[in-house]
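Tertiary structure, described
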Amino acid sequence: MDLPEFAIEAKGLVKTYPATKTMPAKQALKGVDLQIPRGSIFGLLGPNGAGKSTFINILAGLVRKTSGEVRIWGRDIDQRPRDARAAIGVVPQELAADVFFTPRESLDVQAGLYGVPKGERRTQELLGALGLGDKADAYVRQLSGGMKRRLMVAKAMVHHPPVLILDEPTAGVDVELRRQLWNYVVGLNHQGVTVVLTTHYLEEAQELCDTIAIVNRGEVVACEPTGQLLRRLDTRTVVVTPQESLAVVPNLGPFEGRLRHDGRLAVSFKSGDASVEAVLQAVRAAGVSIKDLATEDPDLEDVFLALTYDNPDALDPTRD
Ligand code: ADP
């Protein structure tokens, strides 16, 4: 069989949650077009409320889309819902472990739900791969939080889906566990599994993902290879506290300054094109004496500002 070019493809995807007595209707996805290349580790990055979970839940069949098209592994979720769903394993955000089962039973139940024949189940291998081999017969309520999360990953993989989706996988997870989880996930990716993860940490996406899509307020504002995206964000900002307060932004030659509310002068530049020293020279040349000085590197908020400059509300996902 021909393998699809894209593991997941969405076209014009819209989700509107209907109004309730207390809440107005909410358009959580506003016509999302997204193509997730087969074989990638793909990051879906965005602040809280951006629409990431809504997107994942539509893929998982937990939320019904309002309009648009979605294909998972080339299978349309309207026309072939079962086949589409069989192609993904989803690790949900919430830890919803079945406390009355052992990990082995839990995986067996899950395999049963997906119709995996007994002879094809690789329960022990899966538990071993996730460092749960010696916990196969323990009660789930005796497992640590980290172990429970790994069990969730094992459950998502019982039917050997070609696409694994992790929704905010490291929320509340300690550093060592995060490493283990990533090692396993990267190993799966090397075996050909496409991995999609949602996160609101730029650093996490940056470290793991080869491609990153940035979602904000229900829209994809960028989708490109990680290196390319980061180069685009390669800005630094010098923040100068002037000796005497400035009435207007001074002329800084090739640089553009902004006066902040607190009276400081902020000058952003591409680190490839200029240096802090060059900025300071321009500031001094404009007759500004410098009382104090700070530099700032871009963080996720700058990313959104840079990508959504025409939308002043972009940083506040709770505002409508
Ligand atoms: P994220 O996962 O990026 O934090 P979500 O997809 O959870 O974002 O939420 C997107 C928007 O949709 C938010 O404004 C949220 O309040 C709203 N929303 C999410 N789920 C529901 C729901 N079941 N009913 C109404 N509104 C919802």
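In this report, the structure presented in the accompanying data block is examined.

Rules used throughout
Residues numbered from 1 in each chain as written. Predicted model: local features only at pLDDT ≥ 70, side-chain atom pairs only at ≥ 80, totals over all residues. Heavy atoms only, no water. Axes fitted to C-alpha atoms, helices over the stretch in contact; angles between N-to-C directions. Helix = DSSP H or I, 4+ residues; strand = E, 2+ residues; numbered from the N terminus. Parallel < 35°, antiparallel > 145°, perpendicular 65-115°, else oblique. Left-handed = near helix turned anticlockwise from the far one by under 90°. Contact = heavy atoms within 4.5 Å. Nonpolar A, V, L, I, M, F, W, Y, C, P; charged D, E, K, R; others polar. Salt bridge = Lys/Arg side-chain N within 4 Å of Asp/Glu carboxyl O. Buried < 20%, exposed > 50% of the residue type's maximum accessible area, 1.4 Å probe, protein only. Pairing = 2+ DSSP bridges.

The geometry of helix 5 (residues 145-156) relative to helix 6 (residues 175-190) is characterised by a closest axis approach of 11 Å and an angle of 15° between their N-to-C directions. In this view, helix 5 runs roughly parallel relative to helix 6, as classed from their interaxial angle. Every pair of crossing elements has a handedness; the one defined by helix 5 and helix 6 is right-handed. Contacts between helix 5 and helix 6 involve Gly-146, Arg-150 and Val-153 from the former and Leu-177, Gln-180, Leu-181 and Tyr-184 from the latter. The class makeup of the residues in the contact of helix 5 with helix 6 is 4 nonpolar, 2 polar and 1 charged.

Turning our eyes to something else, we now look at the pattern of salt bridges. According to the stated counting rule, one finds 9 salt bridges in the structure shown. As a salt-bridge pair, Asp-137 and Arg-104 come within 2.9 Å of each other at their nearest N and O atoms. Of the two residues, Asp-137 is situated in the loop between helix 4 (123-129) and helix 5 and Arg-104 in helix 3 (residues 103-113); the sequence distance between them amounts to 33 residues. With its nearest N and O atoms 3.9 Å apart, the salt bridge here joins Glu-204 to Arg-178. Of this pair, Glu-204 sits in helix 7 (residues 202-208) while Arg-178 sits in helix 6, placing them 26 residues apart in sequence. Glu-204 gets classed as buried once you look at its relative accessible area, which sits at 5%. A residue is classified by how much of its surface remains accessible, and Arg-178, at 29% relative accessible area, is partly exposed.

Time to look at the pairing of strand 13 (residues 265-270). Consecutive residues of a regular strand have side chains that alternate between opposite faces of the sheet. Note: strand 11 (residues 235-242) against strand 13, 6 bridges, orientation antiparallel. When the sheet's bridge partners are listed, Val-238 is paired in strand 13 with Val-267. Here strand 12 (residues 257-259) folds back onto strand 13 in antiparallel fashion, the turn holding 5 residues, of which Gly-263 has a positive phi close to 90°.

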